[in-house]
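A structural walkthrough
The chain contents come next:
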Amino acid sequence: MASKPPTGHFNVLYFASAGSYTSKQVEALPAPLPLKDLFGALESRYQGFRASVLDNSLVTLNLTYVDMLEGDEDESSAVIIQDGDEVAIIPPVSSG
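Rules used throughout
Residues numbered from 1 in each chain as written. Predicted model: local features only at pLDDT ≥ 70, side-chain atom pairs only at ≥ 80, totals over all residues. Heavy atoms only, no water. UniProt positions renumbered as here; feature names shortened; annotations may be inferred. Phe/Tyr/Trp six-rings, centres within 6.5 Å; stacked < 30°, edge-to-face > 60°. Helix = DSSP H or I, 4+ residues; strand = E, 2+ residues; numbered from the N terminus. Buried < 20%, exposed > 50% of the residue type's maximum accessible area, 1.4 Å probe, protein only. Pairing = 2+ DSSP bridges. Axes fitted to C-alpha atoms, helices over the stretch in contact; angles between N-to-C directions.

Under an unreviewed UniProt entry, the chain has the name Molybdopterin synthase sulfur carrier subunit and belongs to Lasiosphaeria ovina. Taken directly from UniProt, the Subunit (unreviewed entry) text for the chain runs: "Heterotetramer; composed of 2 small (MOCS2A) and 2 large (MOCS2B) subunits."

1. A word on the packing of aromatic side chains
The full count for this structure, using the stated rule, is 4 aromatic pairs. Ring centres of Tyr14 and Tyr46 lie 6.4 Å apart, and the angle between their planes is 80 degrees; this geometry places the pair in the edge-to-face category. A residue pair is termed long-range when its members are at least 10 positions apart, and Tyr14 in strand S1 (residues 9-14) and Tyr46 in the loop between helix H2 (38-45) and helix H3 (49-52) qualify at 32 residues. Taken as a pair, Tyr14 and Tyr46 share a single burial class, namely buried. Residues Tyr46 and Phe49 carry aromatic rings whose centres are separated by 5.7 Å and whose planes lie at 70 degrees to one another, so their mutual orientation is edge-to-face. A single burial state applies to Tyr46 and to Phe49, both of which are buried.

2. With respect to the sheet that holds strand S5 (residues 64-66)
Spatially, S2-S1-S7-S4-S5 is the arrangement adopted by the 5 strands of the open sheet, whose pairing is mixed. Here the strands that pair on one side only, and so sit at the sheet edges, are strand S2 (26-30) and S5. Between one strand axis and the next, the sheet turns through 30 degrees on average, direction left out of account. The sheet contact formed by S1 and S2 spans 5 bridges and is antiparallel. Among the inter-strand pairings, Phe10 is bridged to a residue of S2, identified as Leu29.

3. Here's the deal with unusual backbone geometry
Cis geometry marks the peptide bond from Ala31 to Pro32; its omega dihedral reads 0 degrees. If you trace the backbone, Pro32 turns up in the loop between S2 and strand S3 (33-34). Even without glycine at this site, Ser23 takes up a positive phi of about 60 degrees. With respect to the helices and strands, the residue Ser23 is situated in the loop between helix H1 (17-22) and S2. Classification of Ser23 as exposed rests on a relative accessible area of 65%. Look at Leu63: it is not a glycine, yet its phi comes out positive at around 70 degrees. In this structure, Leu63 sits in the loop between strand S4 (58-61) and S5.

4. What about the pairing of S1?
Where burial is concerned, most of S1 is hidden: 5 out of the 6 residues are buried. Note that S1 and strand S7 (residues 86-90) share 4 bridges and pair parallel. Bridge pairing in S7 places Leu13 opposite Ala88.

As structure tokens, then:
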């Protein structure tokens, strides 16, 4: 379980290849942040992260899956990530 983020921040949990790419398991980012801006904020921190990991990942906000499709004005533009929230980046996992 990740520790509580500092006041005015939310936690981003990185699983599998997301954690490998960022070299982090968890990171606190400033809140509030519109959900639609999340991928852009992460791409600005980790160049190439979107194409390599994010575009094929699932995302949860407080343990609920959210739709991150571009052009989806209904969900992603209405949702604001708030202070104390938890976002998880869950890339596809393969097994052999």
